[in-house]
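# Tertiary structure, described
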Amino acid sequence: MEYMTVREAAKKWEVSVRLIQRLCAEGRIDGASKSGNAWVIPAGTVKPQDPRRKKEETVYGNPVFPNLMPLMNTAFVPGKCLEYIHGMKKGPKKDIAVAEYHYFSGHPNEAAQETEMYLTCTDPELRLSACLIYAYSNLSIGQIQQARYGLEEIKNTLKADTERTPHARSIEGFISAAAAVLLHLPLPEELPDTREFMPLLPIGLRAFALYVQAHYLYLQKKYEHSIGIIESALTMGADQYPIPAIYLHLAAVMDYMSLKQPDKAEEHLLAAWELARPDDLIEGFGEHHGLLGGMLEAVIKQKWPEDFKRIIAITYEFSSGWRKIHNPVTGHNVADDLTTTEFATAMLAARNWTNPEIAEHMNISVNTVKHHISQAMKKLHIDNRKDLKKYMLK
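What this report covers is the structure whose coordinates are included nearby. Keep in mind that what you see is a predicted model, and the values were worked out from it rather than measured. Once a new chain begins, its residue numbering starts again from 1 and follows that chain's sequence as written. Only residues with pLDDT of 70 or above have their local features reported here, since the model is predicted, and side-chain atom pairs are shown and tallied only from 80 upward, although totals for entire chains, interfaces and linings are computed over all residues. Side-chain numbers come from the whole structure's heavy atoms, not from hydrogens or water.

## Thoughts on the overall build of the chain
Short version of the rule: Each helix is a run of H or I in the DSSP string that is no shorter than four residues. Each strand is a run of E no shorter than two, and both are numbered from the N terminus. Only protein chains enter the accessibility calculation, which uses a 1.4 Å probe. A residue is then buried if its area is under 20% of the maximum for its type, exposed if over 50%, and partly exposed in between. Two residues form a contact once any of their heavy atoms are found within 4.5 Å. Using a 1.4 Å probe, accessible areas were evaluated by the Shrake-Rupley method; residue-level cover was limited to the displayed protein chains.
Looking only at helices and strands, the chain features 19 helices and five strands. Out of the 394 residues in the chain, the part that is buried amounts to 54%. Long-range pairs, those at least 24 residues apart, make up 65% of the contacts in the chain between residues at least 6 apart in sequence. As displayed, the chain has an accessible area near 18300 Å², and 50% of this comes from carbon and sulfur atoms.

## Here we look at the sheet that holds strand E2 (residues 33-35)
Note the threshold: One bridge is not enough; two strands pair if DSSP finds at least two bridges between them. Helix axes are fitted only over the stretch in contact, all axes being lines through C-alpha atoms; the angle between N-to-C directions runs from 0 to 180 degrees.
Strand order in this open sheet of three strands is E1-E3-E2, and the pairing throughout is antiparallel. The open sheet has two edge strands with one neighbour each: strand E1 (3-5) and E2. Neighbouring strand axes in the sheet, compared pairwise and without regard to direction, differ in orientation by 45 degrees on average. In the packing of helix H1 (residues 6-13) onto the sheet, the strands contacted are E1 and strand E3 (38-42), and the crossing angle to E1 comes to about 90 degrees.

## Description of helix H11 (residues 223-235)
The line we're drawing: One less than the residue count of a helix, multiplied by 1.5 Å, gives the span that helix is expected to have. The arc in question is formed by the directions pointing from the helix axis toward the C-beta atoms.
Taking 1.5 Å of rise per residue, the 13 residues of H11 would be expected to cover 18 Å, and the 18 Å separating its terminal C-alpha atoms lies within 8% of that figure. Within H11, burial applies to Tyr223, Ser226, Ile227, Ile229, Ile230, Ala233 and Leu234. One face of H11 carries all of its buried residues, which in axial projection span an arc of 160 degrees. Opposite the buried face of H11, at more than 90 degrees from it, the exposed residues are Glu224 and Thr235. Lining the buried residues of H11 we find helix H10 (203-219), helix H12 (242-258) and helix H13 (262-276).

## Observations concerning empty space enclosed by the protein
How we decide: Put plainly, a pocket is an open set of points on a 1 Å grid over the protein atoms alone with protein on both sides within 12 Å along at least five of seven lines, a cavity is a set where a 1.4 Å probe fits but cannot get out, and a lining residue has an atom within 4 Å of a point. Grid points are joined across faces, edges and corners, and a volume is the space filled by probe spheres set on the points. Asp, Glu, Lys and Arg are counted as charged, while Ala, Val, Leu, Ile, Met, Phe, Trp, Tyr, Cys and Pro are counted as nonpolar; the rest, among them Gly, fall into the polar class.
Under the counting rule described, the total for this entry stands at two cavities of 30 Å³ or more. What the largest cavity holds in volume is close to 150 Å³. Where the lining of the largest cavity is concerned, the elements lending two or more residues are helix H4 (92-104) and helix H6 (124-140). Its residues placed into classes, the lining of the largest cavity shows eleven nonpolar, no polar and two charged.

## Some words on helix H2 (residues 17-25)
Within the span of H2, buried status applies to Ile20, Leu23 and Cys24. Each buried residue of H2 lies within a common arc of 100 degrees when the element is viewed along its axis, so the set occupies one face. Facing away from the buried surface of H2 by more than 90 degrees, the exposed residues are Arg18 and Ala25. Buried positions along H2 lie against H1 and E3. In the stretch just after H2, Gly27 is the one whose phi turns positive, near 75 degrees.

## Observations regarding the packing of H4 against helix H5 (residues 108-116)
Worth spelling out the cut-off: An angle counts as roughly parallel when it lies under 35 degrees, as roughly antiparallel when it exceeds 145, as roughly perpendicular when it falls between 65 and 115, and as oblique in every other case. Less than a right angle of anticlockwise turn of the near helix away from the far helix marks a crossing as left-handed, whereas a clockwise turn marks it as right-handed.
Between H4 and H5, the least distance of the axes is 7 Å, while the angle of their chain directions is 160 degrees. Considering their axes alone, H4 and H5 lie roughly antiparallel with respect to each other. As H4 packs across H5, the resulting crossing turns out to be left-handed. Here Val98, Ala99, His102 and Tyr103 of H4 come into contact with H5, specifically with Pro108, Glu110, Ala111, Glu114 and Thr115.

## Structural notes on the side chain of His268
Filter applied, for reference: The term polar contact refers here to a pair of N or O atoms within 3.5 Å; inside protein, the definition further demands a hydrogen-donor-capable atom paired with an acceptor-capable atom, and it admits residues adjacent in sequence only when both atoms are side-chain atoms.
With respect to the helices and strands, the residue His268 is situated in helix H13. According to the relative accessible area criterion, His268 is buried, its value standing at 8%. Side-chain polar atoms of His268 contact the side chain of His249, separated by 2.9 Å. For His268, the contacting residues outside a window of four places in its chain are Glu231, Leu234, His249, Ala252, Val253 and Tyr256.

## Quick word on the pairing of E3
With three bridges connecting them, E1 and E3 associate as antiparallel partners. If you follow Tyr3 over to E3, its bridge partner there is Pro42. For E2 and E3, the ladder comprises three bridges, and the chain directions are antiparallel. What sits directly across from Lys34, in E3, is Trp39. Taking the residues between adjacent antiparallel strands as the criterion, E2 and E3 are bridged by two residues, where Gly36 takes a positive phi near 70 degrees.

## Here's the deal with the packing of aromatic side chains
Going by this rule: Pairing of aromatic rings covers Phe, Tyr and Trp, the last through its six-membered ring, and needs centres within 6.5 Å; plane angles under 30 degrees mean stacked, over 60 mean edge-to-face, and all others mean tilted.
Going through the model one piece at a time under the given rule, you end up with ten aromatic pairs. Between Tyr103 and Phe104 the ring centres are 5.3 Å apart and the planes differ by 75 degrees, which places this aromatic pair in the edge-to-face class. According to the relative accessible area criterion, Tyr103 is buried, its value standing at 5%. Of the residues examined, Phe104 reaches a relative accessible area of 6% and is grouped as buried. Centroid distance Trp273 to Trp304: 5.6 Å. Interplanar angle 55 degrees. Geometry classified as tilted. Taken together, the positions of Trp273 in helix H13 and Trp304 in the loop between helix H15 (295-303) and helix H16 (305-330) put the pair 31 residues apart, joining distant regions of the chain. For the residue pair Trp273 and Trp304, the accessibility class agrees, reading buried in each case. These aromatic residues form a ring-pair network of at least three members: Tyr103, Phe104, Phe174, Phe208, Tyr211 and Tyr247.

Here you go:
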């Protein structure tokens, strides 16, 4: 592991050497340790929060989300994710961060195994984090019963919390919305108002909550409103938190493709890719493939073909489990036997793109577009192009 000296940390974080030494002595810098008489700090360590902002770290005296999705809530430097995790103190929080990394880097088996021991943890933040990761990981490995168990445990945990403090309500709102919206399921009737819980979330979790809100608006076809939330979130600091920022950029791709603005969609896709690729955080690209309107085929496949293959493998695994949860609950019949290219072209056709527009966008011939759409319609047993909408993601 690479380390930096106290002086190097002070220069990087633009604070005094004396302050860094004091923070190390107080144990406020993750991974800092003594080497002889001097302190050394893991190179990927994030600057500690200003102690003058202590009031923002608590709500009615309670610590705000110290164990809820810790990696998602970290502003690590792209390319230094694993260094940051290795520098964390051993314990449950680090274990959850490791599980998050494995999930977001497309290794659901490892993520599911690492979270299983925390599904009944007494700490509600650790338990809810574990349940969320466990549920989505099991979707990807085809363990639908385990995925349903994880989602059910989220409901049970939230119901069991009788304190109803602002802190507890914020956790409820964040986890409930994330669990439902990403599966395109109806929101819980008792979901707290976003205006109630959003301001209480720390920046990283708030950024992901804004992605969830933007995704929900996308499903309602309020694309401009969704984009407004995304752009505001990124402008106000969400881009410093790689995992939420990746998902925000991907939601922007979905919106801009729905508005037939592929140039802007490509900008956001490449921004997401720039954040994701240094740490191999490719899971979100696979999860969103069907909503990205052929953008992965148009951009990633051309320049990064091996990465594209891995993303498509994630797409097949995740989407298969996703449909087994989504279709029975909603009564929808999202297509499950199309190739990813057939799905992408059919998705664009369902959004009223013409064959020449699809061909130009995906860098393929018009005849190839016709073939993919024809194959999709044949598999779906439909004769009318307009009927594709019944089988595509909203």
